[in-house]
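Chain and residue survey
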Amino acid sequence: MFLRGFGPVFQAGLVRVGDPPREEPERSVIALAQRAGVEDGHRILDAGCGVAGPAVIIARHFPAVVIDAVTNSARQVAIGGERIRAAGLSDRVRIHLADYQRLPFRSEAFDRVLFFESTGYATDLDLTYQEAYRVLAPGGGLYVKDVFRDPEVGGELATERIEAFDRLWGCVRTKTLSESVAAILRAGFKKTSASPMPELGTASFAGSMFLLDGHALGRSEFGDAFLSAALGGPIEFGEIRAVKP
Ligand SMILES: C[S@@+](CC[C@H](N)C(=O)[O-])C[C@H]1O[C@@H](n2cnc3c(N)ncnc32)[C@H](O)[C@@H]1O
């Protein structure tokens, strides 16, 4: 349904690129990879990779990167594998059925570990970043772009609303940016920087929940499943960069 309704990049917040700025998944993913410091020749782990939408886009843009992409969904592995084959990228992009909290890779195997809107599903945030740390080579970089709980909005109502948001998306728990940074530092990372990304756009994501039927605006299949008051939860987009010393 995500594929039909929104496309192969499963991210609600897109970087607006161009003049005039536009929300376009492909250019957004490339912008994120650039913000993550991805360079040609890097070995990349895409942690929580969906149907390899971002992995295919990054591999096309950087012709010498090698990407291992992991998801804990067998269905996504099957669809993602097909997409990688169809893109002719099987020699450089591999998709694995694995839990990013228990990675099936040797230590120090990667130059970059990317989490794009996937840490909200972690059952153990410490383990998540410990594993990212383990598989990164010294000097390697972690990049997290995600939906975080807005720390400015507190109280019982905010807690109820974030719980409704988590139920809507099947998240284990949406964390705050600072809570995530604390777990990243506990894992041993240094040079951590974190900031909200208010410039991200959600119009494309929200727009995919509607369709025009003649002159009437209706809900799309995607909107039927996800259009809900819980979408307006107390959330913000943000990014975190950190380096393994
Ligand atoms: C919102 S989607 C984002 C997908 C992808 N990063 C993208 O941009 O298209 C979240 C992804 O995280 C994956 N995921 C959630 N928990 C996971 C875990 N413990 N280990 C591996 N993948 C996980 C989901 O299966 C899904 O692919």
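Nothing here was measured: the structure is a model prediction, and the numbers come from that model. (Residues numbered from 1 in each chain as written. Predicted model: local features only at pLDDT ≥ 70, side-chain atom pairs only at ≥ 80, totals over all residues. Heavy atoms only, no water.)

1. Re the pattern of salt bridges
One pass over the full model with this rule turns up 12 salt bridges. Between Asp68 and Arg94 there is a salt bridge, with the nearest N and O atoms lying 3.0 Å from each other. Here Asp68 is found in strand S4 (residues 66-71), whereas its partner Arg94 is found in strand S5 (residues 93-97), with 26 residues between them in sequence. Overall, the relative accessible area of 37% leaves Arg94 in the partly exposed class. Residue Arg186 is joined to Asp126 by a salt bridge in which the shortest nitrogen-to-oxygen separation is 2.9 Å. Taken together, the positions of Arg186 in helix H7 (residues 177-186) and Asp126 in helix H5 (residues 125-135) put the pair 60 residues apart, joining distant regions of the chain. Salt bridges here are not isolated pairs; linked through shared partners, they connect Arg35, Glu199, Glu239 and Arg241. (Salt bridge = Lys/Arg side-chain N within 4 Å of Asp/Glu carboxyl O. Helix = DSSP H or I, 4+ residues; strand = E, 2+ residues; numbered from the N terminus. Buried < 20%, exposed > 50% of the residue type's maximum accessible area, 1.4 Å probe, protein only.)

2. Quick notes on H7
Regarding H7, the residues found buried are Leu177, Ser180, Val181, Ala183 and Ile184. On an axial view of H7, the arc spanned by its buried residues comes to 160°, and they lie on one face. Residues Ser178 and Arg186 are exposed on H7 and point more than 90 degrees away from its buried face. Elements in contact with the buried residues of H7: H5, strand S7 (136-149), strand S8 (190-196) and strand S11 (235-243). The positive-phi residue at the C-terminal boundary of H7 is Gly188, with phi of around 115°. (Arc of directions from axis to C-beta. Contact = heavy atoms within 4.5 Å.)

3. Some thoughts on the nonpolar core
Ranked by internal contacts, the top residues of the largest apolar core, which has 45 residues, are Val38, Ile58, Val65, Ile67, Leu114 and Trp169. If sequence neighbours within four positions are ignored, Ile67 has contacts with Ile44, Asp46, Ala55, Ile58, Ala59, Arg92, Val93 and Arg94. The next biggest cluster of nonpolar side chains, apart from the first, holds 28 residues, and it includes Val70, Leu103, Phe189 and Ala242. (Core = buried A, V, L, I, M, F, W, Y, C linked by side-chain atoms within 4.5 Å.)

4. Focus: the layout of surface pockets
One way to see where empty space is left: roll a probe the size of a water molecule over the atoms. By volume, the largest pocket amounts to about 1000 Å³. Taken together, 46 residues form the lining of the largest pocket, with Phe2, Phe10, Glu117, Tyr121 and Trp169 sitting closest to its centre. Broken down by class, the residue content of the lining of the largest pocket amounts to 27 nonpolar, 15 polar and four charged. (1 Å grid on protein atoms, 1.4 Å probe; cavity = no way out; pocket = protein on both sides within 12 Å on 5 of 7 lines; lining within 4 Å. Points joined across faces, edges and corners; volume = space filled by probe spheres on them. Nonpolar A, V, L, I, M, F, W, Y, C, P; charged D, E, K, R; others polar.)

5. As for the site of the ligand
Taken together, 18 residues surround the ligand, and among them Phe10, Gln11, Gly48, Gly50 and Gln76 come closest. At a separation of 2.9 Å, a nitrogen atom of the ligand approaches a polar backbone atom of Tyr100. Phe116 has a polar backbone atom sitting 2.9 Å from a nitrogen atom of the ligand. When atom positions are compared with the pocket grids, the ligand is found to occupy the largest pocket. Residues that form the shell around the ligand fall into these classes: nine nonpolar, seven polar and two charged. (Near = heavy atom within 4 Å. Polar contact = N/O pair within 3.5 Å; in protein donor to acceptor, adjacent residues only side chain to side chain. Sits in = over half its atoms within 2 Å of the grid points.)

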